[in-house]
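Notes for the structure review
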Amino acid sequence: MSVLALSGGIGGAKLALGLYRVLPPETLTVIANTGDDFEHLGLSISPDIDTLLYTLGGIDNLELGWGRRDETWTFMAALESLGGETWFKLGDGDLATHVERTRRLAAGESLTQITGDFRRRLGISARLLPMSDDRVRTRLRTEEGWLDFQDYFVRLHSEPVVREIVYAGASEARANPDFLAALLDDDLELVVICPSNPFLSVDPMLSLPGVRDALRSCRAPVAAVSPIIGGKAVKGPTAKIMAELGLPIGAAAIARHYVDLLDLFVADEADADVVAELEIPVILTRTLMVTLEDRDALARRVLAAAGRGF
């Protein structure tokens, strides 16, 4: 089975890890959101790529949910003593990733090439691709004005009220050609939209020219896993943003957000009533991923549903 997963944030990485553990690893391709990427302290930082690298490489920080395991913070302490910006935390080991990425980008390598080399060096057998090598940036219009994503999400803790979200540069960007090729591959058997924030993590990928058309026309079924359980987001500002954009908060609204793309929607058992009237097939299961076993179980449930025609 050849499987393609679209992932952003911690929730996406959790399911990507489950898929990686239960599939033959070389059959999995994970597409990472790069709308969160930004330049900070002169460095090129790709948070969603790095979360996937560290998670699939088995070196993720289990306590924080982001960054590297057994991290130290000497750099941040020294930076703070000099009056530098410390609102975006860069651990010492994590810093090496950003320094090396920045150096290689400046030398002319693409983000795809660098990410591919990093994942090989970390012993990851699955393919890991950025959604694009071109610059796309998620920006939010809030009651405090326009904000770059990391300013909204990290510096301001997702507190400003969101009125509009745009993906600057997306209309001129080129989707990763390997991303589009994977969608058109006759061997592709399943596309999984991971339980990532639809507006901040998945929509940047869908905003790239050709991606929606490729998803609609690919021969494989497309399944999405809800990031909402019982009307609440598992993590992050998904529910808050839905309310501020005037959308109903719930799993059904997530399914309808993707409805033109989906063949299958996976929701938590707690949401059985709210998804009962959806027009697409729905699989109910436990979607909360606390342990490794939870990740594996959800991955197997999604694969089994797709494998038997739902």
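In the block above lies the structure referred to throughout.
The notes below deal with the structure included here.

**Describing the side chain of threonine 55**
Position of threonine 55 relative to the elements: it lies in helix 2 (residues 47–56). The class of threonine 55 is buried, set by a relative accessible area of 9%. A distance of 2.6 Å separates the side chain of threonine 55 from the backbone oxygen of threonine 51, its partner in a polar contact.

**Observations concerning a nonpolar patch on the surface**
A surface patch of nonpolar side chains, about 270 Å² in accessible area, is lined by Leu64, Trp66 and Trp73. Among the secondary structure elements, leucine 64 is positioned in the loop between helix 2 and helix 3 (74–81). For leucine 64, a relative accessible area of 38% translates into the label partly exposed.

**Quick notes on the pattern of salt bridges**
Between side chains of opposite charge, a pair can form when the charged atoms approach closely. Inspection of every chain in the model, using the stated rule, returns 19 salt bridges. Among the ionic pairs, arginine 163 bridges to glutamate 143, the shortest N-O distance being 2.9 Å. Of this pair, arginine 163 sits in strand 8 (residues 162–168) while glutamate 143 sits in the loop between strand 6 (137–142) and strand 7 (145–148), and the two are 20 residues apart along the sequence. Judged by relative accessible area, glutamate 143 falls into the exposed class, the value being 56%. Residue aspartate 294 is joined to arginine 286 by a salt bridge in which the shortest nitrogen-to-oxygen separation is 3.5 Å. Via salt bridges that share partners, Glu100, Arg103, Arg104, Glu109, Asp117 and Arg121 belong to a single interconnected network.

**So, the sheet that holds strand 7**
Sheet architecture is open: 3 strands sit in the order 7-6-8, paired in antiparallel fashion. Strands at the two margins of the open sheet, each flanked by one partner only, are strand 7 and strand 8. Averaged over all pairs of adjacent strands, the angle between their axes in this sheet comes to 25°, without regard to strand direction. Here strand 6 pairs with strand 8 via 6 bridges, running antiparallel. Opposite threonine 142, over in strand 8, you have valine 162 as the bridge partner. Here helix 8 (residues 198–206) sits on the sheet in contact with strand 6 and strand 8, set at roughly 30° to strand 8.

Definitions and limits used
- Residues numbered from 1 in each chain as written.
- Predicted model: local features only at pLDDT ≥ 70, side-chain atom pairs only at ≥ 80, totals over all residues.
- Heavy atoms only, no water.
- Helix = DSSP H or I, 4+ residues; strand = E, 2+ residues; numbered from the N terminus.
- Buried < 20%, exposed > 50% of the residue type's maximum accessible area, 1.4 Å probe, protein only.
- Polar contact = N/O pair within 3.5 Å; in protein donor to acceptor, adjacent residues only side chain to side chain.
- Patch = residues over 30% accessible without salt bridge, like charges linked within 9 Å, V, L, I, M, F, W, Y side chains within 5 Å.
- Areas by Shrake-Rupley, 256 points an atom, 1.4 Å probe, with all protein chains shown as cover.
- Salt bridge = Lys/Arg side-chain N within 4 Å of Asp/Glu carboxyl O.
- Pairing = 2+ DSSP bridges.
- Axes fitted to C-alpha atoms, helices over the stretch in contact; angles between N-to-C directions.
- Contact = heavy atoms within 4.5 Å.

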